[in-house]
Amino acid sequence: MSSPAPIRLRRMTQADLPQVEALDRLSFRTPWPPSSFAYELRPDASSICLVAESTDAAAQKQIIGNVVIWLAADEAQVATLAVALEHRGRGVARALLASALLEAWQLGARKSVLEVRVSNEAALHLYYGMGYKPVGLRAGYYEDTHEDALLLTLEEIQPEALQKLLKPAESGF
Ligand SMILES: CC(C)(COP(=O)(O)OP(=O)(O)OC[C@H]1O[C@@H](n2cnc3c(N)ncnc32)[C@H](O)[C@@H]1OP(=O)(O)O)[C@@H](O)C(=O)NCCC(=O)NCCS
């Protein structure tokens, strides 16, 4: 069996938007409205936007994952995180989130928060594994299914621990 294609993490650019938006539509029941990702890339945005790119020549630098984090005071809110179906279970989301949180920490964030559907086992496994803890429930939070959201917090972003989750070849900046 061939080994999985290597990946590179780097900042999202305008040129990535068609692939990022396509991935978003495939990953979520309620995708972000058109131009939302472009809005996050504006020069004065308080956002960290990263993509994971397959560096396999045959894959032609395909975008296989993305993350957006919003910064507000000392808080890094995970706004979206997605990995293409055929690349899941390889640690891509964990690497993306670790890299984005590291950058958030460098910019002054000290804790992280997010909301996640109570039924999203893959995401919950990822977040709990990275140290997030449940701190609240938003009843009927999601408009499409009226599902509850769990509010998770990572009380202390620990850069050394995050660094260990990144392989040297994965960071493109
Ligand atoms: C959630 C998501 C981003 C995870 O991406 P991924 O690249 O497959 O995750 P990783 O490979 O980095 O996995 C990290 C951990 O989660 C676990 N995990 C991943 N998918 C899982 C699943 N379906 N069930 C249980 N655990 C799972 C992995 O085993 C790993 O834990 P481990 O180290 O203990 O083995 C991906 O499933 C996805 O894009 N889902 C649709 C969009 C979404 O729900 N985003 C999150 C919104 S809050």
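Note that the structure is predicted; figures quoted are calculated from it, not measured.

This next bit is on the side chain of Ser-112. Summarising the element assignment, Ser-112 is placed in strand S5 (residues 111–117). Since its relative accessible area comes to 0%, Ser-112 is described here as buried. Of note is the side chain of Ser-112, whose polar atom sits 2.8 Å from the backbone oxygen of Ala-76.

For the structure on display, the rule yields four aromatic pairs. Pairing Tyr-127 with Tyr-132 gives two aromatic rings, centres 5.5 Å apart and planes at 65°, and the pair type is edge-to-face. Measuring from centroid to centroid gives 5.0 Å for Tyr-141 and Tyr-142, while their planes differ by 90°, and the two rings are edge-to-face. Given the relative accessible area of 37%, Tyr-141 is considered partly exposed. Here the aromatic cluster, defined as three or more aromatic residues joined through ring pairs, consists of Trp-32, Phe-37 and Trp-70. The positively charged end of Arg-42 is found above the aromatic ring belonging to Tyr-39, 3.8 Å away from the centroid. For the cation-ring pair, Arg-117 lies above Tyr-142, with the distance from its terminal atom to the ring centre recorded as 4.2 Å.

What follows covers the site of the ligand. Around the ligand lies a shell of 20 residues, among which Leu-81, Gly-89, Gly-91, Arg-94 and Asn-120 are the nearest. At a separation of 2.8 Å, a nitrogen atom of the ligand approaches a polar backbone atom of Leu-81. In isolation the ligand has 920 Å² of accessible area, and contact with the protein removes 72% of it. Put simply, the parts of the chain that give the shell around the ligand at least two residues each are strand S4 (75–83), helix H3 (92–106), S5 and helix H4 (121–129).

Read across the open sheet, the seven strands follow the order S1-S2-S3-S4-S5-S7-S6; overall the sheet is mixed. Taken across any chain shown, the strands that pair with only one partner, and hence form the sheet edges, are strand S1 (7–11) and strand S6 (133–138). Direction aside, the axes of adjacent strands within the sheet are offset by 25° on average. The pairing of S4 with S5 spans three bridges and is classified as parallel. Opposite Gln-77, over in S5, you have Val-113 as the bridge partner. Set on the sheet, helix H1 (residues 17–27) makes contact with strand S2 (47–54), strand S3 (63–72) and S4; between it and S3 the angle comes to about 90°.

Turning next to the pairing of S4. When S3 meets S4, the two strands line up antiparallel, connected through eight bridges. Pairing of Asn-66 across the sheet is with Ala-82, part of S4. Linkage of S3 to S4, two consecutive antiparallel strands, is achieved through a turn of two residues, within which Ala-73 is found at a positive phi near 50°.

Applying the stated criterion to the full structure yields ten salt bridges. Glu-75 is the partner of Lys-111 in a salt bridge, and the nearest nitrogen-oxygen pair spans 4.0 Å. Placement of Lys-111 in strand S5 and of Glu-75 in strand S4 is noted, with a sequence separation of 36 residues between them. Here Glu-75 falls in the partly exposed class, since its relative accessible area comes to 28%. Close ionic contact of Glu-147 with Arg-117 constitutes a salt bridge, the shortest N to O distance being 3.5 Å.

What counts, and where the lines are drawn
Residues numbered from 1 in each chain as written. Predicted model: local features only at pLDDT ≥ 70, side-chain atom pairs only at ≥ 80, totals over all residues. Heavy atoms only, no water. Helix = DSSP H or I, 4+ residues; strand = E, 2+ residues; numbered from the N terminus. Buried < 20%, exposed > 50% of the residue type's maximum accessible area, 1.4 Å probe, protein only. Polar contact = N/O pair within 3.5 Å; in protein donor to acceptor, adjacent residues only side chain to side chain. Phe/Tyr/Trp six-rings, centres within 6.5 Å; stacked < 30°, edge-to-face > 60°. Lys NZ or Arg CZ within 6 Å of the ring centre and 35° of its normal. Near = heavy atom within 4 Å. Areas by Shrake-Rupley, 256 points an atom, 1.4 Å probe, with all protein chains shown as cover. Pairing = 2+ DSSP bridges. Axes fitted to C-alpha atoms, helices over the stretch in contact; angles between N-to-C directions. Contact = heavy atoms within 4.5 Å. Salt bridge = Lys/Arg side-chain N within 4 Å of Asp/Glu carboxyl O.

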